[in-house]
Amino acid sequence: MRAGNPTVVRPTPPGTRPASSLHRPAFWVVLGLLGIGAGYTVADFRQPLASYPLATTVALILFALYAVPFLWFVGSLDYLEREPPLLLLTAGGWGAMVAATAAARGNRAAADLLAKLVSPHFTTVWGPAIIGPTVEELLKTLGVVAIALIARKQINSVLDGVVYGAVTGLGFQVVENIQYAVSAVELAGRGDRIGPVVLTFLLRGFLGGLWSHTLFSALAGAGVGYFVVRTDRGRPARLAVAGLAFLGAWAFHFGWNSPLLADGFGPGIAGVLTVLLIKGLPPLAMILWLVRSARQREAAYYVTALRSLGDPMIATSGELTALATGHKRAAARHYAYARCGLPGSRVVRRLQRAQARLAVAVSRDDPTGQGDEARRWLAVIRAQRQSLIHMAHPEAAAPKDRRTPAGRWALGLGLVGIVVPLVALVAAGLGAHGLIRSRRIRQPADNWLTAGLLLGGLSVLLWTVTYAIRATGGA
Amino acid sequence: MGGPVSRWANLAGALGLFGAVAAVAVGLPALNRQIPAVRAVADGRYEVGAGISVLPPAGAAVDVTGTRPGPTQGSVLFLLGSVRYVVVASGPTLPGGPKSLVEAERRVRQKIAKIRGYQVTGGTTPISTRQGVTGRQGSYTSPGRCGWYAVFYSPAGVAEVTVSGTDQALRGAMAPIQASVAGLRFKALAD
C-alpha cells in the first residue's frame, strides 16, 4: 500500500499467472459464451458475404482499420500498467461477438414488445432511445464484469475498468457498423457496390464514431473498476457508484438515440453538425474528464512507487513528472529529439517504458526493487541512462511548457474552426507549420500548436465528411 | 486464487452473467412470442408513413410487429385471416431511395426473389391509384402460398405493396385489398 490514497490502485499480486483463470468457473462460462457468440456472428455474416462479397469484405476491412486509432488511444491511456493482451482480446471479442449478437436478437424482441405494449408509433419514435441503451449498455458492461470474474486481480484501478469498457464498446461498435453497412447495401438495391459501405463508414465512423459505444462503455466500465478496486468502501456504496456509472452510460446513449433535435437546426451542413456537437460533446467532455482523473490517480500511485526508490539515476524528479502524463512523455521525447536527434528520442522512449515497468514491479510487493522483475528493468534503465549521459542529455524530462503567439493563435482559431470550417483549415495549417518549424530548428514545440492542429484538423474532417455525405444524398 | 468460498462466489457470478445474456438473447424473444401482435384497426385512413396513407380493407387487423410508422419512412402489416398485406412507404428525401418507377419495381422484385423459396412469376402490368399515381404490379410464389405486389412511384414518395396467402384465401381477399391499394393517398400530392 502506498501513501496518499492507498486504495486507488490495487497492484496485481506477484506470482499471478494467467493459467490461474482456468480454475475459475467464470472462465469456462465466458469461453462458452464467446464460442456461441462466434458461431452466431459467422452465421449472421454468411448470407451477406454470399450475396454481397465485395461490399461485405470492404466493410470488414474498413471498420477493422477504423478500430486501430481507437486501440492506439486506449493503449496510450494504459501506458503505465498495461493490461494483458489476452484479456483485451477477450473484452473486444465479448463486445463484437457476445454483446452484438445478443443485442441484435434482444433489440428486435424488445421493439416488438414495446409495439405490443404501447404502440408502433411510440416504438418508431422512442424505441431506439429506450431499447438500444438498455439492451446494449447492459450487454457491454457485462463484458467488463466477465473480465472481473475471470481475472479480478488484473483490474487494478478505475482506469483499468475504463480500458476494458472501451475495448468492449469498440468491439461492439465495429460489428454493429459492419451490420449497418451491409444493410445499407441491401437497401440501396444496386447489387454488390461499395458506395453504401463508404457512406456508412463516413456517417457512423466519423460523424458518430467519436461519441459512441466506445465512450459509453468506458464510463460503465469505470463503474465496474470502482466496484472491484475500492474495497475500502462498503458494498452498497460501491454498487451505487457502479450503478451511477451505468446510468450515465445509459443516459448518454439515450440522448444520442433520442428524437430530440431530430430535425436539427435546418437541413444545411451547419445544422447537422450543430446537432452532432450538442448531442456528442457533453458526454465526450465528461468521459474524457473522468478518464483524465482516473489516469492521474493511477499515475500518482506508480510514480510514488518509483520515487520511493530514492535514486535519481533510476528516475529524476523531472522524469517522474513527465512519466505521469502522455503529452509530457511525448514532450520529453521531442525535447530529446531536438537535442540529440532520433537516437536521443528512441533512448528516452526506452527509458520511459522501463521506468513504467519498474514502477509496476516495485508496486507489486517489492518496494526495494530487489526482485527479478525489478532487476531486469533496472538494468534497462541503467543502460539507457548511460546512453543519455553519453549524448550529453542526462535527464529525460519535458521542458517547461512553452507558449508562443503562434500556439495561442492556433488554439484560438481551432476553437472557432469548430463552427467556421475555413478558420479550422487555418488553425490546422498554423499548427502544422509551427510543429514542423520547431522540429527543423530542434526546439521543443508549444503544445498549443498540437492542440490547434488537432482541433482544426478534426473540424475540417467533420465538415468535409458531412459535406460529402450531403452531396451524395446520404443525409 | 481463493478457496472454495471464492470459487462458489465466482460460479454464482458466472451463472449470473450467463443468465443475464440468456435473458436478453433468448428470454426477450420468448416473452415476445407469448404476447399477441394482432390488434384491431381503427376506422378511417391508416398513416403508413412519409405522408402516405391507406384505407384498410374491412375486417383487416394490424400486426404491430410489422408496423412502424415514421415521418420519412414507414410500414404496416395488415392481416385478413391468413392473408398478409404489407405496405412500405418511403419519402422522396430518404437517402438511397429509388429514382424512378423502373428502379423502384426492380428493387421490389429483387427483395422478393432474395427470400429463399420465393419466385417472381410472369411479367408486370401498369396500375394506378385513384389519386393518379402510376405504378407496376406483378405476382410471385412462395412455398404453399401465392403473392401479388405493386409499387407506386411519385415525387411525393414510393409505396411498395406485397400481398401473400394461400390460393384459396387470396381469392376471397384480393378484391378488397386491391380496392384499398387503389385508395393509397400521397399527402404531398393532395396538398
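Remember, predicted model here, so these are calculated numbers, not experimental data.

1. Side note on the overall build of chain B
Of the regular secondary structure elements, chain B holds 4 helices and 11 strands. Here the C-alpha radius of gyration of chain B, 22 Å, is well above what a compact globule of 191 residues would show, namely 16 Å. C-alpha atoms of chain B, sized along the principal axes, occupy 80 × 40 × 35 Å. Residues classed as buried in chain B amount to 44% of the 191 residues present. Of the roughly 9,300 Å² that chain B leaves accessible, carbon and sulfur atoms contribute 61%. Side chains of chain B give 19 positive and 8 negative charges; the mean places of these two sets differ by 8 Å.

2. Some words on the overall build of chain A
Counting its regular elements, chain A contains 15 helices and 0 strands. Computed over C-alpha atoms, the radius of gyration of chain A comes to 24 Å, within 12% of the 23 Å expected from 2.2 N^0.38 for 475 residues, which places it in the range of a compact globule. The C-alpha extent of chain A, read off along each of the three principal axes, is 70 × 60 × 40 Å. In chain A, which comprises 475 residues, the share counted as buried stands at 49%. Of the roughly 21,100 Å² that chain A leaves accessible, carbon and sulfur atoms contribute 67%. Positive and negative side-chain charges of chain A, numbering 47 and 23 respectively, have mean locations separated by a distance of 6 Å.

3. A short note on the pattern of salt bridges
Residues and elements named next belong to chain A. A full pass over the atoms with the stated rule returns 10 salt bridges over all chains. Among the ionic pairs, Arg 105 bridges to Asp 44, the shortest N-O distance being 3.2 Å. Of this pair, Arg 105 sits in helix 3 (residues 85-117) while Asp 44 sits in helix 1 (residues 25-51), placing them 61 residues apart in sequence. Between Arg 204 and Glu 176 there is a salt bridge whose closest N-O contact spans 2.6 Å. Placement of the pair is Arg 204 in helix 6 (residues 195-207) and Glu 176 in helix 5 (residues 158-188), with a sequence separation of 28 residues.

4. Topic: the side chain of Ser 154 of chain B
All names here are of chain B. Structurally, Ser 154 can be placed in strand 9 (residues 145-154). A polar contact of 3.0 Å, which involves the side chain of Ser 154, links it to the backbone nitrogen of Ala 156. Apart from residues lying up to four places away in sequence, Ser 154 is in contact with Val 133, Phe 186 and Leu 189.

5. Examining the interface of chain B and chain A
By a frequent convention, interface size equals the accessible area lost on bringing the separate parts together. Contact with chain B, which involves 35 residues of that partner, is made by 44 residues of chain A. Carbon and sulfur atoms supply 67% of the area that chain B and chain A bury against each other, a total of about 3,100 Å² over both sides. At the junction of chain B and chain A, the tally comes to 1 salt bridge. Notably, a salt bridge pairs Asp 112 of chain A with Arg 68 of chain B, separated by 3.3 Å at the nearest N-O pair. Our count for the chain B to chain A interface comes out at 11 residue pairs in polar contact (both at pLDDT 80 or more).

6. Focus on a nonpolar patch on the surface
There is a patch of nonpolar side chains on the surface, built from Val 416, Val 419, Val 420, Leu 422 and Leu 425 of chain A and spanning about 450 Å² of accessible area. Look at Leu 425 of chain A and you get partly exposed, because its relative accessible area is 49%.

7. A short note on the environment of Trp 28 of chain A
Residue placement: Trp 28 of chain A occurs in helix 1. Expressed as a C-alpha distance, the spacing of Trp 28 of chain A and Ile 441 of chain A, which sit 413 residues apart in the sequence, is 58 Å.

8. A look at the sheet that holds strand 9 of chain B
Residues and elements named next belong to chain B. If you walk across this open sheet you meet the 8 strands as 1-4-5-6-10-9-8-7, and the pairing is antiparallel. The sheet is open, and its two edges are formed by strand 1 (38-40) and strand 7 (119-128), each paired on a single side. Each neighbouring strand pair of the sheet contributes to a mean axis angle of 25°, computed without reference to strand direction. When strand 5 (residues 73-80) meets strand 6 (residues 83-90), the two strands line up antiparallel, connected through 8 bridges. For Gln 73, the partnering residue across the bridge sits in strand 6 and is Ser 90.

9. Comments concerning unusual backbone geometry
The phi dihedral of Ala 392 of chain A is positive, around 60°, even though this residue is not glycine. Along the chain, Ala 392 of chain A falls in the loop between helix 12 (372-390) and helix 13 (405-416). Backbone geometry at Ala 50 of chain B places phi at a positive 55°, although glycine is not the residue there. With respect to the helices and strands, Ala 50 of chain B occurs in the loop between strand 2 (46-49) and strand 3 (52-54).

10. Some thoughts on the sheet that holds strand 2 of chain B
The strand order across the open sheet formed by 3 strands is 2-3-11 (chain B), and the pairing between neighbours is antiparallel. Among the strands making up the open sheet, the edge pair consists of strand 2 and strand 11 (185-186) of chain B.

11. Considering the nonpolar core
Counting residues in hydrophobic clusters, the biggest one holds 78 residues, and the most contacted among them are Trp 94 and Leu 139 of chain A together with Val 21 of chain B. With 15 residues, the top contributor of residues to this core is helix 5 of chain A. In this view, Trp 94 of chain A contacts Val 30, Leu 33, Leu 34, Ala 99, Leu 139, Leu 142, Gly 143, Ala 146 and Thr 168 of chain A together with Leu 17 and Val 21 of chain B; residues no more than four positions away in its chain are not counted. In terms of nonpolar packing, the next biggest core, distinct from the first, is built from 34 residues, Ala 305, Val 362, Ala 374 and Leu 378 of chain A among them.

12. Things to note about the environment of Asp 232 of chain A
All names here are of chain A. You can see Asp 232 is positioned in the loop between helix 7 (213-229) and helix 8 (235-257). Judged by its relative accessible area of 41%, Asp 232 is partly exposed. The sequence separation of Asp 232 and Val 8 amounts to 224 residues, and the corresponding C-alpha distance is 9.6 Å. Side chain to side chain, Asp 232 and Arg 230 meet in a polar contact 3.0 Å long.

13. A short note on the packing of aromatic side chains
Centre-to-centre distance and the angle between the planes together describe a pair of aromatic rings. One pass over the structure, following the stated rule, counts 11 aromatic pairs over all chains. Relative to Tyr 302 of chain A, the ring of Tyr 301 of chain A has its centre 5.3 Å away and its plane inclined at 90°; by these criteria the two rings are edge-to-face. Judged by its relative accessible area of 5%, Tyr 301 of chain A falls in the buried class. With a centroid separation of 5.9 Å and an interplanar angle of 25°, the aromatic rings of Tyr 118 of chain B and Tyr 140 of chain B are classed as stacked. Remark: Tyr 140 of chain B occurs in strand 8 (residues 134-142) and Tyr 118 of chain B occurs in the loop between helix 2 (101-114) and strand 7; sequence separation between them is 22 residues.

14. Thoughts on the pairing of strand 7 of chain B
It is a general feature of regular strands that their side chains alternate between the two faces of the sheet. Residue and element names in this part refer to chain B. In terms of strand pairing, strand 7 meets strand 8 through 7 bridges, oriented antiparallel. Bridge pairing in strand 8 places Ile 127 opposite Gly 135. As consecutive antiparallel partners, strand 7 and strand 8 are separated by 5 residues, and within that stretch Gly 132 has a phi angle of approximately 100°, a positive value.

About the criteria used
Residues numbered from 1 in each chain as written. Chains lettered and ligands numbered in written order. Predicted model: local features only at pLDDT ≥ 70, side-chain atom pairs only at ≥ 80, totals over all residues. Heavy atoms only, no water. Helix = DSSP H or I, 4+ residues; strand = E, 2+ residues; numbered from the N terminus. Rg over C-alpha atoms; globule rule 2.2 N^0.38 Å. Buried < 20%, exposed > 50% of the residue type's maximum accessible area, 1.4 Å probe, protein only. Areas by Shrake-Rupley, 256 points an atom, 1.4 Å probe, with all protein chains shown as cover. Lys, Arg positive; Asp, Glu negative; His and termini not counted. Charge placed at Lys NZ, Arg CZ, Asp CG, Glu CD. Salt bridge = Lys/Arg side-chain N within 4 Å of Asp/Glu carboxyl O. Polar contact = N/O pair within 3.5 Å; in protein donor to acceptor, adjacent residues only side chain to side chain. Contact = heavy atoms within 4.5 Å. Buried area = accessible area lost by both parts, 1.4 Å probe. Patch = residues over 30% accessible without salt bridge, like charges linked within 9 Å, V, L, I, M, F, W, Y side chains within 5 Å. Pairing = 2+ DSSP bridges. Axes fitted to C-alpha atoms, helices over the stretch in contact; angles between N-to-C directions. Core = buried A, V, L, I, M, F, W, Y, C linked by side-chain atoms within 4.5 Å. Phe/Tyr/Trp six-rings, centres within 6.5 Å; stacked < 30°, edge-to-face > 60°.

Coordinates in, geometry out; function isn't part of it.
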